[in-house]
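Secondary and tertiary structure notes
Here are the chains, one letter per residue:
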Amino acid sequence: MSYSSSNRSLLPMDWIKKSKGEDYWKSETQDMRGNQETFTSMFTTVMKQFNHSKVPPTASVFQKHSSSPEVVCHATGFFPKTVMITWQKDGEVVYDDVARRETLPNQDGSFQKRSILTVSTEDLQKHTYTCVIQHSSMEKEIVLHEEDIRILNPGQRNTFL
């Protein structure tokens, strides 16, 4: 048998159709109609995952609270998977005190990644820190500065994300 998504009907071969009653085929047709949306959604997701189109990341920098020593640079919604996130201090790449997290999948087939810089509040105020994100979907990198930092829990100390 086959199912036609265009006219939403089940097309069994004649000899199979005779072996089951009309109610059986109506029930099967209803099941297939219900599954059509699921299959379409799954197919769309798979196509996005294997599609060779490029999608640029959305980026943000944040701290859990204003006195947190950790500043997070987060890129999300990008495809393909490979992305480069680096921290700079006064224009020079920072290697120490940087934790690079693994690239994780999003439900829509895109990816996300974060890099965490550990820096004192005083150092953050004395120097210019930037997060630089490079991805094959973009001709120019995304550069986020300390003035772009969002505080997730303003006025709170010792909170956990």
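Criteria and cut-off values
Residues numbered from 1 in each chain as written. Predicted model: local features only at pLDDT ≥ 70, side-chain atom pairs only at ≥ 80, totals over all residues. Heavy atoms only, no water. Disulfide = S-S within 2.5 Å. Helix = DSSP H or I, 4+ residues; strand = E, 2+ residues; numbered from the N terminus. Core = buried A, V, L, I, M, F, W, Y, C linked by side-chain atoms within 4.5 Å. Buried < 20%, exposed > 50% of the residue type's maximum accessible area, 1.4 Å probe, protein only. Contact = heavy atoms within 4.5 Å. Pairing = 2+ DSSP bridges. Axes fitted to C-alpha atoms, helices over the stretch in contact; angles between N-to-C directions. Phe/Tyr/Trp six-rings, centres within 6.5 Å; stacked < 30°, edge-to-face > 60°. Polar contact = N/O pair within 3.5 Å; in protein donor to acceptor, adjacent residues only side chain to side chain. Salt bridge = Lys/Arg side-chain N within 4 Å of Asp/Glu carboxyl O.

Going through the model one piece at a time under the given rule, you end up with one disulfide. Covalent S-S linkage joins Cys73 and Cys131, the inter-sulfur distance amounting to 1.8 Å. The sign of the -75° torsion about the S-S bond sets the Cys73-Cys131 disulfide as left-handed. On the criterion of sequence distance, the pair formed by Cys73 in strand S4 (residues 70-78) and Cys131 in strand S10 (residues 129-135) is long-range, its members being 58 residues apart.

Once that is clear, we can look at the nonpolar core. Val61, Cys73, Trp87, Leu117, Cys131 and Ile133 are the most contacted members of the largest nonpolar core, which totals 20 residues. Among the elements of the structure, S4, strand S5 (83-89), strand S9 (111-118) and S10 are those that each provide at least two residues to this core. In contact with Leu117, other than residues within four places in its own chain, are Pro69, Glu70, Val71, Trp87, Val94, Asp97, Val98 and Tyr129.

A few words now on the sheet that holds S10. Spatial ordering of the open sheet is given by S6-S5-S10-S11, a layout of four strands whose pairing is antiparallel. A single partner strand is all that each edge strand has here, and the edge strands are strand S6 (92-94) and strand S11 (142-145). Taking the axes of each pair of neighbouring strands and ignoring which way they run, one obtains an average angle of 35° across the sheet. As paired strands, S5 and S10 are joined by seven bridges and run antiparallel to one another. Considered in S10, the bridge of Met84 is made with Gln134.

Note that S10 and S11 share four bridges and pair antiparallel. Looking at S11, one finds that Thr130 is bridged to His145. Linking S10 to S11, which pair antiparallel, is a turn of six residues.

We now examine the packing of aromatic side chains. Summed over all chains, the structure comprises two aromatic pairs. Aromatic pair Phe79 and Phe111: ring centres 6.2 Å apart, planes at 20°, arrangement stacked. Taken as a pair, Phe79 in the loop between S4 and S5 and Phe111 in strand S9 lie far apart in primary sequence, 32 residues in all. Taken together through their ring pairs, the aromatic side chains of Phe78, Phe79 and Phe111 make up a single cluster.

Summarising the element assignment, His135 is placed in strand S10. We classify His135 as buried; its relative accessible area is 6%. Among the polar contacts listed, one links the side chain of His135 to the backbone oxygen of Pro80, at a separation of 2.8 Å. When neighbours within four sequence positions are excluded, His135 is seen to be in contact with Val55, Pro57, Phe78, Phe79, Pro80, Thr82 and Val83.

So, on to the environment of Phe79. The class of Phe79 is buried, set by a relative accessible area of 11%. A C-alpha to C-alpha distance of 7.7 Å links Phe79 and Ser137, two positions 58 residues apart in sequence.

Turning next to the pattern of salt bridges. Following the criterion strictly, the structure yields two salt bridges and no others. Of the charged contacts in the structure, one is a salt bridge between Glu70 and Lys64, with a shortest N-O distance of 3.8 Å. When its relative accessible area of 22% is taken as the criterion, Lys64 is described as partly exposed. A salt bridge links Asp123 to Lys89, with the nearest nitrogen and oxygen atoms 3.6 Å apart. Here Lys89 lies in strand S5 and Asp123 lies in helix H3 (residues 121-126), a separation of 34 residues in the sequence. Lys89 gets classed as partly exposed once you look at its relative accessible area, which sits at 28%.

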